[in-house]
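# Structural characterization, general
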Amino acid sequence: MKCRICGAPAFVKLAAHNTTFCAEHFDAFFLRQVRRTIERFGMLEPDRPVVVAVSGGKDSLAVTHALSRLGYPVEALHIDLGIATGGFSAASLEITEKFCRQNGIVLHLYSLEEEFGRGVEALERGRRPFRSRSICSLCGMTKRHIMNEVALARGAAAVATGHNLDDMATALLANVLRWDGFYLAKTLPVLASEHGFARKVKPLALLSEEEILAYCRLHGIARVEGRCPFARDAKFLRYKALLNDIEQHSPGTKRAFYEGYLGYASLFRDHRQGRSGAPRPCGVCGLPTSSEVCTFCRLWRGAAPAAKPEEG
Ligand code: AMP
Ligand code: FES
Ligand code: ZN
Ligand code: ZN
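To keep things clear, this report deals only with the structure shown in the data block. (Residues numbered from 1 in each chain as written. Chains lettered and ligands numbered in written order. Predicted model: local features only at pLDDT ≥ 70, side-chain atom pairs only at ≥ 80, totals over all residues. Heavy atoms only, no water.)

## Details of unusual backbone geometry
For Trp 179, which is not glycine, the phi dihedral falls at a positive 40 degrees. The residue Trp 179 is located in the loop between helix 7 (165–178) and helix 8 (181–184) in this model. Taking relative accessible area as the criterion, Trp 179 reaches 59% and is therefore assigned exposed. Backbone geometry places His 195, a non-glycine residue, at a positive phi of 50 degrees. Looking at where His 195 falls in the secondary structure, it is placed in the loop between strand 7 (190–191) and strand 8 (200–201). (Helix = DSSP H or I, 4+ residues; strand = E, 2+ residues; numbered from the N terminus. Buried < 20%, exposed > 50% of the residue type's maximum accessible area, 1.4 Å probe, protein only.)

This is the structure in structure tokens:
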């Protein structure tokens, strides 16, 4: 196998693009894709920091690495979730710290245990509100809240996450199967800053897991091997496997599926507001919420909505 561009021995074969690249041309391809995605969706501003949420996994390390090489003022944010089982949080923190040190990237650390005296794992054992919600869903809400808070405090142009094409296509499939207008309006690579939310961007939204793994291999980016002990939604994993199966038989389907949606996404714009109306500031932290006190403050700060004055 030879590089399509220079004829040197191939480093990677990309079935979805029906092409092969040597290491140097794959690297250029990858950075070009990231830059094009950023420009196409107006994600970032050259002179304002971008807060990248870094979990220690391959996607968030790769996006941090690529954005920094493209010259954006990158600041990493790692949230120590306090998941002791399998040493998950300790390993994630160690990898993230090492990566940032090696690449000269500023790192902001947010530890739930330091802030609130307990982490995500303790939610499983202790008494907590929202018992009907899974740990994963509460953890996701917690991460989004902290990312928003830090991005706003830093005056960042946006908060970036490592979500890739596989994540976007899988989420899209789940949303299409339910024709969920609210989420179909939001399965986008960029969500504008509005109602007190920082802009959210996904610069790897058009790069596949396979391409990201190759980028990490090329640059010797070590990532957390362990998985979170709270298994992800089984349905999500099933949809992801299904798409991979289709992709294997028809390379390029994932990208075409997601690109197709991007062409029609404006049709769902009116559903963006959702069911609970425009957000208002949380009575405790001031960040946007659809109720009096946001879910984060109720969960972590034990804050309760003020009692309603008695009628009559
Ligand atoms: P996940 O929901 O675990 O698939 O993660 C999606 C994205 O959220 C990752 O690519 C990261 O950008 C970000 N993220 C996940 N976990 C953390 C964490 N503990 N600290 C900071 N960012 C995170
Ligand atoms: Fe949050 Fe798994 S990473 S529950
Ligand atoms: Zn080449
Ligand atoms: Zn709040």
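## Description of the site of ligand 1
In the vicinity of ligand 1 there are 14 residues, among which Ala 53, Ile 79, Thr 161, Gly 162 and Arg 232 approach most closely. Side-chain polar atom of Lys 143 to a nitrogen atom of ligand 1: 3.4 Å apart, as the coordinates give it. In the environment of ligand 1, an oxygen atom lies 3.0 Å from a nitrogen or oxygen atom belonging to the backbone of Gly 162. Protein chains bury 79% of the 480 Å² of accessible surface belonging to ligand 1 in isolation. Contributions of two or more residues to the shell around ligand 1 are made by strand 4 (74–80) and helix 6 (135–153). If you tally residues by element for the shell around ligand 1, the top one is strand 4, at three residues. Looking at side-chain class alone, the shell around ligand 1 contains six nonpolar, six polar and two charged residues. (Near = heavy atom within 4 Å. Polar contact = N/O pair within 3.5 Å; in protein donor to acceptor, adjacent residues only side chain to side chain. Areas by Shrake-Rupley, 256 points an atom, 1.4 Å probe, with all protein chains shown as cover. Nonpolar A, V, L, I, M, F, W, Y, C, P; charged D, E, K, R; others polar.)

## A look at the sheet that holds strand 8
Pairing in this open sheet of six strands is mixed, and the strands run 5-4-3-6-8-7 from one edge to the other. Each edge of the open sheet carries a strand with a single partner, namely strand 5 (106–111) and strand 7. With two bridges joining them, strand 7 and strand 8 adopt antiparallel strand pairing. Counted as the bridge partner of Val 190 is Val 201 from strand 8. Strands in contact with helix 6 are strand 3 (50–53), strand 4, strand 5 and strand 6 (158–160); relative to strand 4, the strand with the most contacts, it is inclined by about 145 degrees. (Pairing = 2+ DSSP bridges. Contact = heavy atoms within 4.5 Å. Axes fitted to C-alpha atoms, helices over the stretch in contact; angles between N-to-C directions.)

## Here's the deal with the coordination of the zinc ion (ligand 3)
Looking at the zinc ion (ligand 3), the protein donor atoms are Cys 3 (SG), Cys 6 (SG), Cys 22 (SG) and His 25 (ND1), and they sit 2.0 to 2.3 Å from it. Around the zinc ion (ligand 3), the four donor atoms sit at angles spanning 100 to 114 degrees, and that spread fits a shape best called tetrahedral. Each donor residue of the zinc ion (ligand 3) lies on one chain, and together they are spaced C-x2-C-x15-C-x2-H. Of the two residues, Cys 6 is situated in the segment before strand 1 (12–14) and His 25 in helix 1 (residues 23–40); the sequence distance between them amounts to 19 residues. (Donors = N, O, S within 2.8 Å, 3.2 Å for Na, K, Ca; no water. Tetrahedral: all angles 85-135°; square planar, octahedral: opposite > 155°, others 65-115°.)

## Remarks on the packing of helix 1 against helix 2 (residues 58–69)
At a minimum axis distance of 10 Å, the contact between helix 1 and helix 2 shows a crossing angle of 85 degrees. Classified by the angle between their axes, helix 1 and helix 2 sit roughly perpendicular to one another. Packed against helix 1, whose contacting residues are Asp 27, Phe 30, Leu 31, Val 34 and Ile 38, the element helix 2 presents Ala 66, Leu 67 and Arg 69 at the interface. (Parallel < 35°, antiparallel > 145°, perpendicular 65-115°, else oblique.)

## Some thoughts on helix 2
Here helix 2 contains twelve residues, and its C-alpha end-to-end distance of 16 Å stays within 8% of the 16 Å for a straight helix at 1.5 Å per residue. With ten of twelve residues buried, helix 2 lies mostly within the body of the structure. Lys 58, Asp 59, Ser 60, Leu 61, Ala 62, Val 63, Thr 64, His 65, Ala 66 and Leu 67 are the residues of helix 2 that are buried. For helix 2, the elements touching its buried residues are helix 1, strand 3, strand 4, helix 3 (88–103), strand 6 and helix 9 (209–218). Backbone geometry just downstream of helix 2 places Gly 71 in the positive-phi region, at approximately 95 degrees. (Expected span 1.5 Å × (residues − 1).)

## Points about the pairing of strand 3
Side chains of strand 3 alternate between two faces, with Val 50 and Val 52 and Val 51 and Ala 53 buried alike. Remark: the strand 3/helix 2/strand 4 crossover connection has right-handed handedness. Sheet analysis places strand 3 next to strand 6, joined by three bridges and oriented parallel. Pairing of Val 51 across the sheet is with Val 159, part of strand 6. (Right-handed = clockwise from strand over helix to strand, strands pointing away.)

## Focus on the nonpolar core
The biggest cluster of nonpolar side chains holds 53 residues, and the ones touching the most others in it are Phe 26, Phe 30, Leu 44, Leu 67, Tyr 258 and Tyr 261. Top contributing element to this core by residue count: helix 1, with six residues. Aside from chain neighbours lying at most four places away, what touches Phe 30 is Ala 66, Leu 204, Leu 207, Glu 211, Ile 212 and Tyr 215. The next biggest cluster of nonpolar side chains, apart from the first, holds 32 residues, and it includes Ile 79, Phe 296, Cys 297 and Trp 300. (Core = buried A, V, L, I, M, F, W, Y, C linked by side-chain atoms within 4.5 Å.)

## Considerations on the pattern of salt bridges
Two side chains bearing opposite charge may form a pair once their charged atoms approach each other closely. On inspection of all chains with the given rule, the structure shows nine salt bridges. Across the salt bridge formed by Arg 48 and Glu 45, the nearest N and O atoms sit 3.1 Å from each other. Among the ionic pairs, Asp 59 bridges to Lys 58, the shortest N-O distance being 3.2 Å. Of the two residues examined, Asp 59 and Lys 58, each falls in the buried class. Ionic contacts of the salt-bridge type, sharing partners, join the residues Glu 45, Arg 48 and Arg 199 into one network. (Salt bridge = Lys/Arg side-chain N within 4 Å of Asp/Glu carboxyl O.)

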